[in-house]
Amino acid sequence: MKVFRAVIFAIGLATLGLLLWKLDAGEVLHLIGRVGWLGFAVILLQECVPHGFNALGWRYAIPERHAPLFRFSELYRHRIQGDGVNYLTPSATIAGEYTRALLIDNAVPSEVRLGSVVTAKCTQSLAQVLVGVVGTGLLLPGSAPALARYDGLVRWGAFAFTVLLAAAAGGFYALARRPEGPRADDGRHWLKAVPGQVRDFYLEHPLRWWASVGFFGLGYVWTAFEVWWICRCLGVDFGLRMAVLIEVLSNVTDMLFFMVPAKVGTQEAGKTGILHVLGLGAQTGLALGIIRHIRELIWAALGMALYTYELRRNPDATLKREAASPAVPVASSN
């Protein structure tokens, strides 16, 4: 696994180097310089908004009876910390989820902490898929002349996927509502109870489930503002529809290359290909990818710094239930 991570990291670096060589690194750096200090300040500060949406997505992934145990400010901070760990460690976005569960107050039982994180990961992944597929189906046809011959395939493929996903969600809900015997996870280790918690949350709180998906979706869509702002600073101006399409396609590339540590090379290659296909210029796409990478690295470094500080402040953070932890009901009383 270490060799595999090293190989994909090296491929990412080589891809970035090749792009800079082919697209004239001097011209790309000149484009980046157009952003200026004010432009970079806006880029960095606007990221506070999607973190807020993501914290709300996490909050609504917590059963209502347990929600009072979680403060929004803590969820917001732990989202930043977990994202930093996910971004800077080659763990396929798993280590950051464990980090979030680890840092929640020890007074909250471990199964509640981990259950909330796993549920939030499920709703966030669903939101990313929906934004990527539905957004591509709605916005790509007619926007890329080079792909015009595939417009019908993209549109109907997205429609079919959405219908199948809705049918699968309805079928799962109906099957899971069927009467069953004693819970399979009764008396078992708390970690084995987490899948049942996720299922029960979906059954008992469908509105909170879809509210969580919606807030995570808003977090993904918001970053279209960043795309619009960066490209405007680079001298390329377009409307909201194009900005959202670029962000939607960027999410698709992120899903395809989620294993690459810190998105090395994939961030730049993805943006270069997307803007080239959309007729907005490959150099602009490479500059956009590099600028976003800088923003992501700064926020990831902030997340790691907050994580380190949190561990020093609370060295006893653990996912083991402490004997003194207050009893919090996990199963629904309905």
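In this text the structure is predicted, and so the values were computed from the model without any measurement.

## As for the overall build of the chain
Looking only at helices and strands, one finds 14 helices and 0 strands in the chain. A fraction of 76% describes how many contacts in the chain between residues 6 or more apart in sequence connect residues 24 or more apart. Taken as a whole, the chain presents about 16,600 Å² of accessible surface, with 69% of it coming from carbon and sulfur.

## A few points about the nonpolar core
Within the largest apolar cluster, 64 residues are counted, with the highest numbers of intra-cluster contacts made by Phe238, Ile246, Leu278 and Leu280. Element by element, the count of residues in this core is highest for helix α7 (residues 110-139), at 9 residues. Excluding anything up to four places from it in sequence, Phe238 contacts Val227, Trp228, Cys231, Ala243, Ile246 and Leu280.

## Some points on the confidence of the model for the chain
Averaged over every residue, the pLDDT of the chain is 83; the share at 70 or more is 84%. When the criterion is pLDDT under 50, residues 184-188 qualifies, and its contacts beyond four places in sequence or with other chains add up to 3 contacts. Counting contacts from residues 321-334, a segment whose pLDDT is below 50, to residues more than four positions away or on other chains yields 21 contacts.

## Quick word on the pattern of salt bridges
When the charged atoms of two side chains with opposite charge come close together, those side chains can pair. All chains considered together, the criterion is met by 14 salt bridges. Note that Glu226 and Arg292 form a salt bridge whose closest N and O atoms lie 2.7 Å from each other. Taken together, the residues Glu226 in helix α11 (residues 224-233) and Arg292 in helix α14 (residues 282-313) connect sequence positions 66 residues apart. The two residues Glu226 and Arg292 agree in class, both being buried. Ionic pairing is found between Arg295 and Glu226, a salt bridge with its closest N-O pair at 2.7 Å. Of this pair, Arg295 sits in helix α14 while Glu226 sits in helix α11, and the two are 69 residues apart along the sequence. Classification of Arg295 by relative accessible area gives buried; the value is 7%. Residues joined by salt bridges that share partners form a network here, namely Glu47, Glu226, Glu247, Arg292 and Arg295.

## Observations concerning unusual backbone geometry
Of note in this structure, Asp24 is not a glycine but carries a positive phi near 70°. Along the chain, Asp24 falls in the loop between α1 (2-22) and α2 (25-33).

## Thoughts on the packing of aromatic side chains
Applying the stated criterion across every chain, the model contains 8 aromatic pairs. Ring geometry for Phe201 versus Trp209: centroids 6.4 Å apart, planes at 45°, classification tilted. On the accessibility criterion, Phe201 (2% relative accessible area) is buried. Centroid distance Tyr202 to Trp209: 5.0 Å. Interplanar angle 75°. Geometry classified as edge-to-face. Given a relative accessible area of 10%, Trp209 falls into the buried group. Put simply, the rings of Trp222, Phe225, Trp228 and Trp229 pair up and form one aromatic cluster.

## Quick look at the packing of helix α3 (residues 36-46) against α11
Axis separation between α3 and α11 bottoms out at 10 Å; the angle between their running directions is 175°. Classed by the angle they form, the pair α3 and α11 counts as roughly antiparallel. Contacts between α3 and α11 involve Gly39, Val42, Ile43 and Gln46 from the first element and Phe225, Glu226, Trp229, Ile230 and Cys233 from the second. Its residues assigned to classes, the contact of α3 with α11 comprises 6 nonpolar, 2 polar and 1 charged.

## Looking at the environment of Glu111
In this fold, Glu111 is placed in helix α7. Sequence spacing of Glu111 and Gln197 is 86 residues, and the spatial spacing of their C-alpha atoms is 8.6 Å.

Conventions we followed
- Starting from 1, residues in each chain are numbered consecutively following that chain's sequence as written.
- Local features in this predicted model are restricted to residues of pLDDT 70 or higher, and side-chain atom pairs are both shown and tallied only at a pLDDT of 80 or more, whereas totals for entire chains, interfaces and linings draw on every residue.
- The basis for every side-chain value is the complete set of heavy atoms in the structure, and neither hydrogens nor water enter the calculation.
- A run of H or I in DSSP becomes a helix once it reaches four residues, and a run of E becomes a strand once it reaches two; helices and strands are each numbered from the N terminus.
- Residues count as neighbours in contact if any of their non-hydrogen atoms are within 4.5 Å of one another.
- With residues, only the protein chains shown are counted as cover, and all accessible areas are computed by Shrake-Rupley using a 1.4 Å probe.
- Buried residues of nine kinds, namely Ala, Val, Leu, Ile, Met, Phe, Trp, Tyr and Cys, make up a nonpolar core once their side-chain atoms join them within 4.5 Å.
- The classification of residues rests on relative accessible area computed with a 1.4 Å probe and restricted to protein chains. Under 20% of the type maximum is buried, over 50% is exposed, and intermediate values are partly exposed.
- Values of pLDDT, the confidence the predictor places in each residue, fall between 0 and 100.
- Any Lys or Arg side-chain nitrogen found within 4 Å of a carboxyl oxygen on Asp or Glu counts as a salt bridge.
- Pairing of aromatic side chains here covers Phe, Tyr and the six-membered ring of Trp, requires ring centres within 6.5 Å, and sorts the geometry by plane angle: under 30 degrees stacked, over 60 edge-to-face, intermediate tilted.
- Geometry is summarised by axes, namely lines fitted to C-alpha atoms with helices restricted to the contacting stretch, and by angles between N-to-C directions that run from 0 to 180 degrees.
- If an angle is under 35 degrees, it is roughly parallel; if it is over 145, roughly antiparallel; if it lies from 65 to 115, roughly perpendicular; otherwise it is oblique.
- Residue classes follow a fixed rule: Ala, Val, Leu, Ile, Met, Phe, Trp, Tyr, Cys and Pro count as nonpolar, while Asp, Glu, Lys and Arg count as charged, and any other residue, Gly among them, counts as polar.

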